[in-house]
Amino acid sequence: MVRVARGTVATSTQVKAANCGVVAVGVGTGPDGMEPGRGAAQAAVRYGIDLAATASRQRFTGAVGAAAVIDLPVLHAADAPWRALAQTIVLVGVGDASPSAYRAAGARLARVAQGRGPVTATLGAESPAHTRALVEGYLLGAYRPRRRGLRAADADRSSRDASDRSSPDRASLADADRASSNDSNDSDRADRASRADRADRAGRDHRDDRAGRGDRAGRADHDDRAGRTGAGLAGSGADARPGGESPGAARPGSGGPSAPGSGGPGSDGSDRDGGGGLAGSDSPSPNGPARSGLDGPDQQAPARTQTPPVAGLGRWGRGVGTASSAGVAAGAALTPGSGSMRRSAAQAFRATARIVPRQTDRKAPPPGPAPDLRPADEVGDLTLLGSYDRAAVQIGWVTAQAAILARDLGNEPASVKNPAWLEAVARAEAKTRNSVAVTALGPEELAKAGLNGILAVGAGAWLGPAANPALSPRLILATHTPANLKDPGHLVIVGKGITFDTGGLDVKTAAGMVTMKTDMAGAAVALATVLAASDIGVEIKVSAVLPAAQNALGAASYRPGDVLSLGGGRATAEIGDTDAEGRVVLADALAYAASELDPTWVVDIATLTGAQKIALGHRIGALFSTDDELAGLLGEAGEAAGEQWWRMPLADLYEEAIASPNADVATVARRGFGGGAITAALFLRRFAGGAPWAHLDVAGPARAATGGDLTRSGATAFGTGTLIRLAQRLT
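Each chain has its residues counted from 1, running along the sequence as written. Selection of residues for local features in this predicted model requires a pLDDT of at least 70, selection of side-chain atom pairs for listing and counting requires 80 or more, and totals for whole chains, interfaces and linings are taken over all residues. Excluding hydrogens and water, the side-chain figures rest on all heavy atoms present in the structure.

Caption draft 1: Expanded view of unusual backbone geometry. A positive phi angle, near 65°, is found at A97, a position not held by glycine. Summarising the element assignment, A97 is placed in the loop between β6 (88-95) and α3 (99-112). Unlike most non-glycine residues, A717 shows phi in positive territory, near 65°. Each helix corresponds to a stretch of at least 4 residues labelled H or I by DSSP, and each strand to a stretch of at least 2 residues labelled E; elements are numbered beginning at the N terminus. Mapped onto the elements of the fold, A717 is located in the loop between β23 (714-715) and α18 (720-730).

Caption draft 2: Inspection of the sheet that holds strand β15 (residues 563-566) at higher detail. Here, strands pair whenever DSSP counts at least two bridges between them. The strand order across the open sheet built from three strands is β15-β16-β20, with neighbouring strands paired in mixed fashion. In this open sheet, the two strands that pair with only one neighbour each are β15 and β20 (665-666). Alignment of strand β16 (residues 571-574) against β20, held across two bridges, turns out to be parallel. Within the sheet, the bridge partner assigned to E574 lies in β20 and is A666.

Caption draft 3: Seen up close, the nonpolar core. In this structure, L109, L123, L384, L491, V542, L723 and L726 are the most contacted members of the largest nonpolar core, which totals 87 residues. At 12 residues, helix α13 (residues 521-536) tops the list of elements feeding residues into this core. Here, residues are in contact when the closest pair of their heavy atoms is within 4.5 Å. Residues in contact with L726, not counting those within four places in the same chain, are L491, V603, L630, L633, L634 and A637. Grouped together as the second largest cluster of nonpolar side chains are 54 residues, I454, A587, A677 and A688 included. Here, the term nonpolar core denotes a set of buried Ala, Val, Leu, Ile, Met, Phe, Trp, Tyr and Cys residues that are joined through side-chain atoms within 4.5 Å. A 1.4 Å probe rolled over the protein chains alone gives each residue an accessible area, and that area as a share of the maximum for its type sets the label: buried under 20%, exposed over 50%, partly exposed in between.

Caption draft 4: Fine view of helix α17 (residues 676-685). Here α17 lies mainly inside the structure; nine of its 10 residues are buried. When we look at burial in α17, the residues that qualify are G676, A677, I678, T679, A680, A681, L682, F683 and L684.

Caption draft 5: Representation of the environment of R671. By the element assignment, R671 lies in the loop between β20 and α17. Between the C-alpha atom of R671 and that of A657, which follows or precedes it by 14 residues, the distance is 8.8 Å.

Caption draft 6: View of the pairing of strand β21 (residues 693-697). Of all five residues in β21, five are buried, a share of seventy percent or more. Neither face of β21 is open: one carries W693, H695 and D697, the other A694 and L696, and all of them are buried. Sheet topology note: the strand β17 (residues 601-606)/β21 ladder contains five bridges and is parallel. Bridging across to β21, A606 finds its partner in D697. Here four bridges tie strand β18 (residues 620-625) to β21, and the two strands are oriented antiparallel to one another. Bridged to L623 within β21 is L696.

Caption draft 7: Structural view of helix α4 (residues 128-141). Expected helix span is taken as 1.5 Å per residue step, with the number of steps being one fewer than the number of residues. Between its terminal C-alpha atoms α4 stretches 20 Å, which fits the 20 Å expected from 14 residues at 1.5 Å a residue. With 12 of 14 residues buried, α4 lies mostly within the body of the structure. Among all positions in α4, only H130, T131, R132, A133, L134, V135, E136, G137, Y138, L139, L140 and G141 are buried. Close packing links the buried residues of α4 with β1 (2-5), α3, β7 (119-121), β9 (382-385), α8 (390-411) and α18.

Caption draft 8: Representation of a nonpolar patch on the surface in the model. Patches in this entry comprise residues that are over 30% relatively accessible and not in a salt bridge; like charges within 9 Å are linked, as are nonpolar side chains (Val, Leu, Ile, Met, Phe, Trp, Tyr) within 5 Å. Using a 1.4 Å probe, the Shrake-Rupley method yields the accessible areas, and only the shown protein chains count as cover for residues. Salt bridges are counted wherever a side-chain nitrogen of Lys or Arg sits within 4 Å of a carboxyl oxygen of Asp or Glu. Together, L505, V507 and L553 make up an exposed nonpolar region whose accessible area comes to about 240 Å². A relative accessible area of 40% places L505 in the partly exposed class.

Caption draft 9: Broad picture of the packing of helix α14 (residues 581-596) against α17. Packing of α14 against α17 brings their axes to within 9 Å, and their N-to-C directions diverge by 30°. The angle between the axes of α14 and α17 places the two elements in the roughly parallel class. Both α14 and α17 take part in a crossing whose hand is right-handed. Two secondary-structure elements touch here, α14 through R583, L586, A587 and L590 and α17 through A680, F683 and L684. Residues were grouped as follows: Ala, Val, Leu, Ile, Met, Phe, Trp, Tyr, Cys and Pro as nonpolar; Asp, Glu, Lys and Arg as charged; and all remaining residues, including Gly, as polar. Residues that form the contact of α14 with α17 fall into these classes: six nonpolar, no polar and one charged. In this analysis an axis means a line fitted to C-alpha atoms, helices contributing only their contacting stretch, and an angle means the value between N-to-C directions, from 0 to 180 degrees. With respect to orientation, any angle under 35 degrees is reported as roughly parallel, any angle over 145 as roughly antiparallel, any angle of 65 to 115 as roughly perpendicular, and every other angle as oblique. Left-handed describes a crossing whose near helix is turned anticlockwise from the far helix by less than a right angle; the clockwise case is right-handed.

Caption draft 10: Seen up close, the side chain of T578. Within the secondary structure, T578 is located in the loop between β16 and α14. Those residues in contact with T578 that sit more than four places away from it in its chain are G503, G504, L505, D506, N551, Y558, R559 and P560.

Caption draft 11: Spatial organisation of the pairing of strand β12 (residues 490-495). For β12, the buried fraction is high: six of the six residues fall into the buried class. Side chains H490, V492 and V494 of β12 all project onto a buried face; the interleaved residues L491, I493 and G495 project onto the opposite face, where all are buried too. Of the strand pairs in this sheet, β12 and strand β14 (residues 541-551) are connected by five bridges, and their pairing is parallel. Bridge pairing links I493 to A544 in β14. In this sheet, β17 lies alongside β12 in parallel orientation, the contact comprising five bridges. Each bridged residue has a counterpart across the sheet, and for V492 the counterpart in β17 is V602.

Caption draft 12: Spatial organisation of the packing of α3 against α4. Relative to each other, α3 and α4 sit at 30°, their axes nearing to 7 Å. The handedness of the crossing between α3 and α4 is right-handed. Contacts between α3 and α4 involve P99, Y102, R103, G106, A107, L109, A110 and R111 on the former and, on the latter, A129, H130, A133, L134, E136, G137, Y138 and G141. The residue makeup of the contact of α3 with α4, split by class, is nine nonpolar, four polar and three charged.

Geometry only, nothing functional implied.
Printed below as a string of structure tokens:
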């Protein structure tokens, strides 16, 4: 949950231990070194600590992505200014204080605050763009993959904690104080009792464990002596070996298929002509406006009976003055000194108390699988303290939740998801939004419409002796229509929805299939964008067209050399590789959008070609477009979202590579030609219609092998932030 509370670090009760576990302030970089952000000086005064010197000892510079965590000690013999305050201060690096820096800062804060309780922060109030970026970063940094998939029967996400998965309306972006100090004291007493009980149990377990080891050792010694005495009594064959292992038994790890990343054909589930010129193949929130009344009452700290010393607060305390009984004046001027930050620590206060380092009591996740449950060390709720743009907070929340939904859908195992599941998810999400309607074309409707590509790709999984209706291909349409539609614009987003990709008869390697549950990342992003458009209240129509199929091996699988009529008869295509199925289903979906939806702009997004990954790596998406203005808007939206795109050429001279003697066009370029990402885009252009069109190839950035602050391994939802901002800019 994200909320906003009035007040300042100097006066607010929000920074008390009863209300939060972490106080976070931003620190930037300037010509003279670290530059404290809003609230940093007041935190130094209220806590009585030279934060600048403490940060310097940790070699913290204020750079983007850096953080200094200050866990305060527990004092047993004397009081301290921080005794009733949150026991952890986090200095978060914001670098040049740009919105993108605040997105990274929010993600970093979520990671370092994990398991420390609710967070109160003063970062990101500079502008709505800064606030939105901070909220997005924090929520995406706090993301954890689901432990169990959505059921196709109900497609319900309610099993996730409501505070994480609810919409802004349901998330209560309200400004009430947290539990009272009495509640906190009760909780502290219960926690101490719990720790004492755990310590007692640990002692008993340790004694029992030592006794058990002694007993086991005695039995082992007895068995060993018995074994030596009876040596030679067993048979001399291979079966007499310890464990019954025969001489020729295979050793674990020997042989087997090539490892992921080995570079074999299709090993990454992507276009096979990426670098060697082989045949191409395809790779792998609430309704309505923000709630009013978000500002809560001003929170004033009770009068202090003792003035905390500030003489030793160092550079960040200058200009703040001393703390009076009413607290430090809100909005006091901050006048950083010149020169480099002093590395020596000024003494915040002097006392004869014995200082004991505080041990953070982190709860370990429960043993074994815990479906639909968060780990016990989950990231706490975020409270933004001060004056913030409430609409920016809500939009940031919606955008992050859209990306989280797209990640969840991409990370679902293939044992859960299929075309019927994707349709069920879309329908379930639409039920919670008045402006979103979902329809779907099944096999019969697809055949009547001449959308033979979707049917052909899905035939291997659907048709056969054990036909499963859930695996039947379909075209899913989700549309957001504003209640008071005034703008005639219609943004149509086509997303590749291959729920699992074996490669078909041109089967992938075992390693190449590992990530193929994310081959419907384009469909996940497209659906999430439409839902976010409804939640934000975008004033144009936004539609997601999702061609859903499972590319599998079977007696009915389509074959290399087949000629299909695609897009309702728009063109015939010769199949060059059954692992290039993405462009086949997208061709049908693009043609359907052009002929049936009257689009103003068309954007497709897909994990399409390994050639994109070879050209741009795993962090930059490829952008192709027939319209310079649309391409420019996408680039600007991507920059604001922290998603980088590189415009690629729709080079007409490459058209000859996909010429076919047997059809209007070939699905893949002939061997040795190269440029797989370009030829795939040229193939799709034939079906895009006359509206401004852009093609986004995200084979690389749509999935991550390892996690970072903003992402975890698996689906990344790359493109969600870009497309949501595009919809807003087109309004």
